[in-house]
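# Topology and contacts: notes
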Amino acid sequence: MTDKKYLETHEWYSINDNNITVGISDFAQGELGDIVFVTLPNVGQEFNKGDSMIEIEATKTIAEAYAPMDCVITEINSDLDSQPEVINTDPCGTGWLVKADIKKLDDTGMSYQEYESFIS
Amino acid sequence: MNDLLTTSLYKFHQEQKAKMIEFAGWLMPFSYEGTIKEHNCVRTESGFFDVSHMGRIYIENNEIENVNKLICSDLIKLKNTKAMYSIFTNEEGNALDDVIFWKFETHIILICNAINRDKITTHLTNNEISYKDITFETSLIAIQGPQSIELLKTLLEIPDKFSTKNNKTFTYARTGYTGEDGLEIMYENIHTDQVLKFLIENNIKPCGLGSRDTLRLEASLPLYGFELTEKISPVEANLKWVINNNDNYLGKNKIDEHIKTGEHKYLKKFILESKRIPRTGTEVKSNNVSGVVTSGNYSPILEKSIGFVLLDSLPESDLLEFDIRGNLLEGQIINKRFLS
């Protein structure tokens, strides 16, 4: 699995062969505050880069997570149904959101260092 | 954020690494350890809020009759040492602001919303009412939660509920905005260190505006700008219990007409068996009655979505249909309190 890359819309992705795992950054979860509900897509659903894939409800606001590249959902983190707060406590680990097969590779996300300077 | 106002507790907020937000021209703490944690702390223990951004206006008691012509509750009949919630109304009978009065032997303290401080002081000036705006020289702390009174006993003589007291340093009332017991305490800014020392020694946790909002919503309390505006009357906002002023106050005719005819909008509480939150502005239907969500959020105690909806007329059914970003979800009007 490759190192995580970050988007300006605060998602991270990592690539494993032809599959990506997507989540939101620690910065994003901190800005959202307590996450209480997540609407995940269905397995098999297709998205183009930049499409809204996921809705994240927090006490402060609602946010969307966007597709980092053209992809087809292969797995969703169904643990988030009962424990959405895992995104707050472990956004880059067990708080991952979806896994998807890559339809068109676009590995242009920022490195962690680049993302850090982007948010600072 | 350079032009924003800060309270006397600003340094403390920074030290605590609070997440700060702009609110009504002030830089205020949104949360310290997380909204839900702070919410539960106030429901089960004791927490404190810096609410120094709220307007504090000192008015001598010889102006009470004049103030009484601008509000829908009877401030004249209110006994000294009592606190009262009321609403400044405009000519249309709608809300200019919802406020708290603390009445003492010689004066009243009027506490208004931060966003409306200029509006209310201008309104007082226009009605030739003398006042002194003491917002900037004082601080206001709300200590709330079931353990609060027991902890505060070591610092202050505790008044009865909705009653006020003052001493050399503190002016305070047993009031709040969370549905929990507690005190709201005003003092000159020079005493902030003493107050913080007491709060820290007693392990009373700081809470931000995020939990203040979820707590007030769960306690069915309105927020100006959402449930009350210059286009919503206290009758529409289901606050008829506040209207007890027989004086010919501003907007009385319109309010009396609303009460008599029942032909007005209706603010109702709702609950959804979902964690999906209908936010402010969400469109709602109840059969053929349309409405809009004024406030909606997650209730940490009920673990469901709750809020207020303003319906165009009295609905025949308690069933509601929310259009949450294109998804239609069913909800229910609740006529009792959210928390029993």
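Residues numbered from 1 in each chain as written. Chains lettered and ligands numbered in written order. Predicted model: local features only at pLDDT ≥ 70, side-chain atom pairs only at ≥ 80, totals over all residues. Heavy atoms only, no water.

Each helix and strand counted, chain B has 8 helices and 19 strands in total. Its C-alpha radius of gyration of 20 Å places chain B within 12% of the 20 Å reference for a compact globule of 340 residues. Considered along the principal axes of its C-alpha atoms, chain B spans approximately 60 × 45 × 40 Å. Among the 340 residues that make up chain B, the fraction classed as buried is 58%. Accessible surface for chain B amounts to roughly 15400 Å². Of this, 46% is attributable to carbon and sulfur atoms. On chain B, the mean spot of the 39 positive side-chain charges and the mean spot of the 47 negative ones are 4 Å from each other. (Helix = DSSP H or I, 4+ residues; strand = E, 2+ residues; numbered from the N terminus. Rg over C-alpha atoms; globule rule 2.2 N^0.38 Å. Buried < 20%, exposed > 50% of the residue type's maximum accessible area, 1.4 Å probe, protein only. Areas by Shrake-Rupley, 256 points an atom, 1.4 Å probe, with all protein chains shown as cover. Lys, Arg positive; Asp, Glu negative; His and termini not counted. Charge placed at Lys NZ, Arg CZ, Asp CG, Glu CD.)

Residues and elements named next belong to chain A. In this sheet, strand β7 (residues 62-66) lies alongside strand β6 (residues 52-58) in antiparallel orientation, the contact comprising 5 bridges. Of the residues in β7, the one forming a bridge with E55 is E64. Here β6 folds back onto β7, and the loop between the two strands holds 3 residues. (Pairing = 2+ DSSP bridges.)

In this section: the confidence of the model for chain A. The pLDDT averaged across chain A works out to 94; a share of 99% of its residues lies at or above 70. Within chain A, strand β8 (residues 70-76) of chain A carries the highest mean pLDDT (98), whereas strand β4 (residues 35-39) of chain A carries the lowest (91). (pLDDT = per-residue confidence, 0-100.)

This next bit is on the nonpolar core. Of all hydrophobic cores here, the largest spans 39 residues; its most connected members are I87, W102 and L228 of chain B. Secondary structure elements with two or more residues in this core: β5 (83-89), β6 (95-103), β7 (107-112), β9 (138-144), α7 (209-218), β14 (266-272) and β17 (304-311) of chain B. Both of domain 1 (10-52 + 135-218) and domain 2 (265-334) of chain B provide at least three residues apiece to this core. Counting residues in hydrophobic clusters, the runner-up holds 28 residues, among them I35, F47, I54 and L97 of chain A. (Core = buried A, V, L, I, M, F, W, Y, C linked by side-chain atoms within 4.5 Å. Domains from an automatic or database assignment.)

The subject of this paragraph is the pairing of strand β19 (residues 327-334) of chain B. All names here are of chain B. With 3 bridges connecting them, β14 and β19 associate as antiparallel partners. What sits directly across from I271, in β19, is Q332. Both strand β18 (residues 319-324) and β19 contribute to a ladder of 6 bridges, which runs antiparallel. By the bridge assignment for β19, I324 is matched with N327. Following β18, the chain reverses through 2 residues before pairing antiparallel with β19; R325 in that reversal takes a positive phi of roughly 50°.

A few words now on the pattern of salt bridges. Following the criterion strictly, the structure yields 24 salt bridges over all chains and no others. The salt bridge involving D133 of chain B is made with R117 of chain B; its shortest N-O contact spans 2.8 Å. Taken as a pair, D133 of chain B in strand β8 (residues 132-133) and R117 of chain B in helix α4 (residues 117-126) lie far apart in primary sequence, 16 residues in all. Judged by relative accessible area, which is 23%, D133 of chain B ranks as partly exposed. For D256 of chain B, the salt bridge identified is with K252 of chain B, shortest N-O distance 2.8 Å. One end of the pair is D256 of chain B and the other is K252 of chain B, both in helix α8 (residues 252-261) and 4 residues apart, which spans about a single turn. Among the residues examined, D256 of chain B registers a relative accessible area of 31% and is labelled partly exposed. Relative accessible area serves as the criterion here: at 17%, K252 of chain B is assigned to the buried category. Residues joined in a network through salt bridges with shared partners are E55 and E57 of chain A together with R276, R279 and R325 of chain B. (Salt bridge = Lys/Arg side-chain N within 4 Å of Asp/Glu carboxyl O.)

All names here are of chain A. Read from one edge of the open sheet, 6 strands run β1-β2-β3-β9-β8-β5, paired in antiparallel fashion. If you trace the sheet from one side to the other, it starts and ends with β1 (5-6) and β5 (46-47), each paired once. Of the strand pairs in this sheet, strand β3 (residues 19-24) and strand β9 (residues 98-104) are connected by 4 bridges, and their pairing is antiparallel. Bridge pairing in β9 places N19 opposite D101.

In this section: a negative patch on the surface. Together, E283, E321, D323 and E330 of chain B make up a region of like negative charge exposed at the surface. One can find E283 of chain B in strand β15 (residues 283-286). (Patch = residues over 30% accessible without salt bridge, like charges linked within 9 Å, V, L, I, M, F, W, Y side chains within 5 Å.)

The next thing to look at is the interface of chain A and chain B. Each partner contributes residues to the interface: chain A has 13 residues there, and chain B has 14 residues. Between chain A and chain B the total buried area reaches about 1200 Å² when both faces are included, carbon and sulfur atoms providing 51% of it. The largest share of the area that chain A buries against chain B comes from V36, T59 and K60 of chain A, three residues that together contribute 39% of it. The interface formed by chain A and chain B contains 5 salt bridges. For R325 of chain B, the salt bridge goes to E57 of chain A, with nearest N and O atoms at 2.6 Å. For the interface between chain A and chain B, the tally reads 11 residue pairs in polar contact (both at pLDDT 80 or more). Mapped by element, the contributors of at least two residues to the side of chain A that touches chain B are α1 (26-32), β4 and β6 of chain A. For the side of chain A that touches chain B, the class distribution of residues is 4 nonpolar, 4 polar and 5 charged. (Contact = heavy atoms within 4.5 Å. Buried area = accessible area lost by both parts, 1.4 Å probe. Polar contact = N/O pair within 3.5 Å; in protein donor to acceptor, adjacent residues only side chain to side chain. Nonpolar A, V, L, I, M, F, W, Y, C, P; charged D, E, K, R; others polar.)

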